[in-house]
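Take a look at the letters that make up each chain.
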Amino acid sequence: MKRLKSLFFSYIIKMISREKIVEVITPKIIDMGGFLVDVKVNTYNAISIFFDRIEGVTLEHCKQLTKYFEDNFDREKEDYALTVCSAGLDSAFKVDEQYWKNIGNEVGVLLNNGKREKGIILSYDDKLILHSFKKKKGSRKEYVEKEIVIPREEIKETKLKINFK
């Protein structure tokens, strides 16, 4: 049991901290014209880096960031598994830059009180402003349009609406 604890703690010591990863990769992501969305590190040292760019992320961007990461963290010493990818279309927004990137796009917003709103992002700063269009009750063709202002602190989750037409 003592040997097992020793192996466990030596393994923990070799893990790369999330903070160190963020510190090292953020300048490279900015240099690539992007922004960091999230970094996840599990107890098995499986590292997932999620980033985005206003123009979108390509496979080449992921390769560049992977190479940069591997140049800065020795796989032999750290023994990690690495995944580098875009934030994903169906993922909830995690950083302000995702709101700014999606100005003009339709989103669904879940509020802290459980209420849902949807609309097109008009602007985002300390509040989210949506152009909302809802069907009139009892009507199939008539819509009510309005602007909805949602303070940032009232937003629980925002996701991009994907419409296939």
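Bear in mind the structure is a predicted one, so any value in this text is a computation, not a measurement. (Residues numbered from 1 in each chain as written. Predicted model: local features only at pLDDT ≥ 70, side-chain atom pairs only at ≥ 80, totals over all residues. Heavy atoms only, no water.)

Colleague: Teacher, can you tell me more about the overall build of the chain here?
Modeller: Secondary structure summary: the chain contains five helices and eight strands in total. When the helices and strands of the chain are read in sequence order from the N terminus, they spell out α-α-β-β-α-α-β-α-β-β-β-β-β. In the chain, of all internal contacts separated by at least 6 residues, the share reaching a separation of at least 24 is 49%. For the chain, the accessible area works out to roughly 11100 Å², and carbon and sulfur atoms hold 52% of it. (Helix = DSSP H or I, 4+ residues; strand = E, 2+ residues; numbered from the N terminus. Contact = heavy atoms within 4.5 Å. Areas by Shrake-Rupley, 256 points an atom, 1.4 Å probe, with all protein chains shown as cover.)

Colleague: Teacher, can you tell me more about the packing of aromatic side chains here?
Modeller: Each pair of aromatic rings is reported with the distance of its centres and the angle of its planes. Counting across every chain of the model gives five aromatic pairs. On the numbers, 4.5 Å between centres and 35° between planes, the contact of F69 with F73 is tilted. On the basis of relative accessible area, F69 is assigned to the buried category, the value being 0%. Given a relative accessible area of 6%, F73 falls into the buried group. Where Y99 meets Y124, the ring centres are 4.1 Å apart and the plane angle is 10°; that geometry is what we call stacked. (Phe/Tyr/Trp six-rings, centres within 6.5 Å; stacked < 30°, edge-to-face > 60°. Buried < 20%, exposed > 50% of the residue type's maximum accessible area, 1.4 Å probe, protein only.)

Colleague: Would you explain the nonpolar core in this entry?
Modeller: The nonpolar side chains of soluble globular proteins are, as a tendency, buried together. With 17 residues, the main nonpolar core has I21, I25, I49, L65 and F69 as its most contacted residues. No other element matches the four residues that helix α2 (residues 18-31) contributes to this core. In contact with F69, other than residues within four places in its own chain, are I16, I21, I25, I47, I49, Y80 and L82. Of all hydrophobic cores here, the second largest spans 13 residues; its members include V109, I121, Y124 and L160. (Core = buried A, V, L, I, M, F, W, Y, C linked by side-chain atoms within 4.5 Å.)

Colleague: Would you take a moment to explain the pattern of salt bridges for this structure?
Modeller: Here the idea is simple: oppositely charged side chains can pair when their charged atoms come close. One pass over the structure, following the stated rule, counts eleven salt bridges. One salt bridge in this structure joins E55 and R53, with 3.4 Å as the shortest N-O distance. Residue classification places R53 among the buried positions, given a relative accessible area of 13%. A salt bridge links D125 to K127; the nearest nitrogen and oxygen atoms lie 3.9 Å apart. Look at K127 and you get partly exposed, because its relative accessible area is 30%. (Salt bridge = Lys/Arg side-chain N within 4 Å of Asp/Glu carboxyl O.)

Colleague: It is not clear to me how the sheet that holds strand β2 (residues 46-53) should be interpreted in this structure. Could you clarify?
Modeller: In a beta sheet, neighbouring strands are held together by backbone hydrogen bonds and run either parallel or antiparallel to one another. Pairing within the open sheet is mixed, and its three strands lie in the order β1-β2-β3. Strands at the two margins of the open sheet, each flanked by one partner only, are β1 (34-41) and β3 (81-86). Between one strand axis and the next, the sheet turns by 15° as a mean value, whatever way the strands run. Pairing of β1 with β2, which is carried by seven bridges, proceeds in the antiparallel orientation. Bridge pairing in β2 places V41 opposite I47. Against the sheet, α2 engages β1 and β2, with an angle of about 160° to β1. Where helix α3 (residues 59-72) meets the sheet, it contacts β2 and β3, and its direction lies at approximately 145° from that of β3. (Pairing = 2+ DSSP bridges. Axes fitted to C-alpha atoms, helices over the stretch in contact; angles between N-to-C directions.)

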